[in-house]
Amino acid sequence: MRLYLDTAEIDLIRKGVKLGVISGVTTNPSLVYKAGWTDYKSAVQEICSIVKGPVSVEVLGQESKSMIKEARAMAKWSEHVVIKIPACEAGLEAISALSNEGIRVNMTLCFSLNQALLGALAGAAYVSPFVGRLDDVGENGMALVADIVSCFSRYGFSTQVIAASIRHPLHCVAAAQAGAHIATVPYGVLIQMVNHPLTTVGIARFLEDAQKAAGKV
Ligand code: E4P
């Protein structure tokens, strides 16, 4: 399983990429708003130059025509741009048209196996089931990830599954167990993944003993 950072904050992306474990980034209009971008295109291009891997950027159009127009322009910003299109009727038409042109699409706001199946049939390069938001309404978000992975594998779809809307490190464990190709994680969750209290205690103890051995304590 690969890891993407789920943020539009350039400083966090720079920090995450330095760790050597991040191969892409996902953004959405809410994350862009939170990051306070003023120049959308420049910010995306800067992220692409830092990550040098797939960077998902979401269209705002509500109809297939406007989605396609926006997506075509965004796709020219960088070779790394992947277009995020919502799992709705207009979105499906846009996914199909863009995929036929060779533009990579990430079907976003995916909440069912049917939506994921349609996304794959329309040619999406990625589908993003939103795990946390399903959990929030009392459904099992990770069960959907597992269902999509097994369906795509059964029918030989090349569409990759991005476990999105990840809220905590246990979601990452479950995404890996479910066979997700990618988990897109907030920076805070990435840091939680590496931290373990026994590691912290272990480091402190080894240092203390090394100092004792050197006669410094
Ligand atoms: C990523 O592609 C999604 O936009 C993001 O994971 C949504 O996360 P949220 O449900 O925490 O807003």
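To keep things clear, this report deals only with the structure shown in the data block.

**Observations concerning the pairing of strand 1 (residues 2–6)**
Here comes step 1: Burial analysis of strand 1 places four of its five residues in the buried class, which makes it a mostly covered element.
Here comes step 2: Here strand 1 runs beside strand 8 (residues 182–185); their pairing, made up of four bridges, is parallel. Opposite Leu5, over in strand 8, you have Val185 as the bridge partner.
Here comes step 3: Across four bridges, strand 1 lies against strand 2 (residues 22–26) in parallel orientation. Note that in strand 2 the partner of Leu5 across the bridge is Val25.
Here comes step 4: The parallel pair strand 1 and strand 2 is bridged by helix 1 (residues 10–18), and the resulting crossover is right-handed.

**So, unusual backbone geometry**
Here comes step 1: The backbone of Leu109 sits at a positive phi, close to 55°, despite the residue not being glycine.
Here comes step 2: Its location among the elements puts Leu109 in strand 5 (residues 105–110).
Here comes step 3: If you check the backbone angles, Ser165 has positive phi at about 55° while not being a glycine.
Here comes step 4: For Ser165, the location among the structural elements is in the loop between strand 7 (160–163) and helix 9 (169–178).

**Considerations on the site of the ligand**
Here comes step 1: Every residue lining the ligand is accounted for by Asp6, Thr26, Asn28, Lys84, Phe130, Arg133, Ala164, Ser165 and Arg167.
Here comes step 2: A distance of 2.6 Å separates an oxygen atom of the ligand from a polar atom in the side chain of Asp6.
Here comes step 3: Between the ligand and the protein, one listed contact pairs an oxygen atom with a side-chain N or O atom of Ser165 at 2.6 Å.
Here comes step 4: Burial of the ligand by the protein chains amounts to 85% of its free accessible area of 340 Å².
Here comes step 5: Under a 2 Å grid-point criterion requiring more than half of the atoms, the pocket assigned to the ligand is the largest pocket.
Here comes step 6: Classifying every residue of the shell around the ligand by side-chain character gives two nonpolar, three polar and four charged.

**Section: the nonpolar core**
Here comes step 1: In this structure, Ile85, Val145 and Val185 are the most contacted members of the largest nonpolar core, which totals 62 residues.
Here comes step 2: Residue contributions to this core peak at seven residues, all from helix 8 (residues 141–155).
Here comes step 3: Non-local contacts of Val185, meaning those with residues more than four positions away in its chain, are made with Leu3, Tyr4, Leu5, Asp6, Ile166, Cys172 and Leu190.
Here comes step 4: In this structure, Tyr4, Val82, Ile162 and Ile182 belong to the second largest nonpolar core, which totals five residues.

Scoring rules and cut-offs
Residues numbered from 1 in each chain as written. Predicted model: local features only at pLDDT ≥ 70, side-chain atom pairs only at ≥ 80, totals over all residues. Heavy atoms only, no water. Buried < 20%, exposed > 50% of the residue type's maximum accessible area, 1.4 Å probe, protein only. Helix = DSSP H or I, 4+ residues; strand = E, 2+ residues; numbered from the N terminus. Pairing = 2+ DSSP bridges. Right-handed = clockwise from strand over helix to strand, strands pointing away. Near = heavy atom within 4 Å. Polar contact = N/O pair within 3.5 Å; in protein donor to acceptor, adjacent residues only side chain to side chain. Areas by Shrake-Rupley, 256 points an atom, 1.4 Å probe, with all protein chains shown as cover. 1 Å grid on protein atoms, 1.4 Å probe; cavity = no way out; pocket = protein on both sides within 12 Å on 5 of 7 lines; lining within 4 Å. Sits in = over half its atoms within 2 Å of the grid points. Nonpolar A, V, L, I, M, F, W, Y, C, P; charged D, E, K, R; others polar. Core = buried A, V, L, I, M, F, W, Y, C linked by side-chain atoms within 4.5 Å. Contact = heavy atoms within 4.5 Å.

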